[in-house]
Amino acid sequence: ASKEDASSQLDQMKQELTDTSSLLEESKRSAAQAEAAVAAAAAAAEKELQTQREANETALQSLQEQHQKEIDDLESKYSDGVASVGREKDEEVLGLRDRVADLEGALKASKEDASSQLDQMKQELTDTSSLLEESKRSAAQAEAAVAAAAAAAEKELQTQREANE
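Trainee: Looking at this structure, how should I read the overall build of the protein chain?
Mentor: Regarding its fold elements, the protein chain presents 2 helices and 0 strands. Computed over its C-alpha atoms, the radius of gyration of the protein chain comes to 36 Å, more than 25% above the 15 Å expected for a compact globule of 165 residues. Oriented by its inertia axes, the alpha-carbon framework of the protein chain measures out at about 120 × 15 × 15 Å. Per-residue burial for the protein chain yields a buried fraction of 17% across its 165 residues. The long-range fraction of contacts in the protein chain, counting pairs at least 24 apart against all pairs at least 6 apart in sequence, stands at 88%. Averaged over its 19 positive side-chain charges, the protein chain has a centre that lies 2 Å from the centre of its 37 negative ones.

The following block contains the structure:
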């Protein structure tokens, strides 16, 4: 009966070793899938960041061109107004200068907002990379734990074999 118990325990340990190996393989697959998902998310975030940066640059260029056109128009109006009309036109010119100052302020705010969005997306990309590293570490720890359990089971199996002999 003790030989049958030993055989049964041996079979049970073999099954546990097989189960542990299956868990290790599943953990490796899971880690690889997680790594691929995080890498894909990071690539998508980077692509989105690039797209938004390009859109912001295009918008900024358009605003700068519009700003320059308005400055040119305002300067032209100012020159014409000073030459042809007196004090009344000077007040209009002062209002136009205030508008230019407002437009410059709006342009500066738009640049700062675009910069802030870019910084935020960079932080999100950094956070995604950190998540990927943490996933890799967790997979390595799980693999080490499974390997340790397999080694302990193998050692126990060897001890029982020696005790049975």
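More follows now that the structure is in view.
Trainee: Honestly, the pattern of salt bridges in this entry has me stumped. Any pointers?
Mentor: Should their charged atoms come close, side chains of opposite charge can pair. Applying the stated criterion across every chain, the model contains 7 salt bridges. Notably, a salt bridge pairs Lys136 with Glu35, separated by 3.9 Å at the nearest N-O pair. In this pair, Lys136 sits in helix H2 (residues 87-164) while Glu35 sits in helix H1 (residues 2-84), placing the two residues 101 residues apart along the sequence. Its relative accessible area of 34% is what places Lys136 among the partly exposed residues. One salt bridge in this structure joins Arg137 and Glu134, with 2.9 Å as the shortest N-O distance. With Arg137 and Glu134 both in helix H2 and 3 residues apart, the pair spans about one turn of that helix. By relative accessible area, Arg137 is classed as partly exposed at 45%. Through salt bridges with shared partners, a single ionic network connects Glu35, Glu133 and Lys136.

Cut-off values and rules
Residues numbered from 1 in each chain as written. Predicted model: local features only at pLDDT ≥ 70, side-chain atom pairs only at ≥ 80, totals over all residues. Heavy atoms only, no water. Helix = DSSP H or I, 4+ residues; strand = E, 2+ residues; numbered from the N terminus. Rg over C-alpha atoms; globule rule 2.2 N^0.38 Å. Buried < 20%, exposed > 50% of the residue type's maximum accessible area, 1.4 Å probe, protein only. Contact = heavy atoms within 4.5 Å. Lys, Arg positive; Asp, Glu negative; His and termini not counted. Charge placed at Lys NZ, Arg CZ, Asp CG, Glu CD. Salt bridge = Lys/Arg side-chain N within 4 Å of Asp/Glu carboxyl O.

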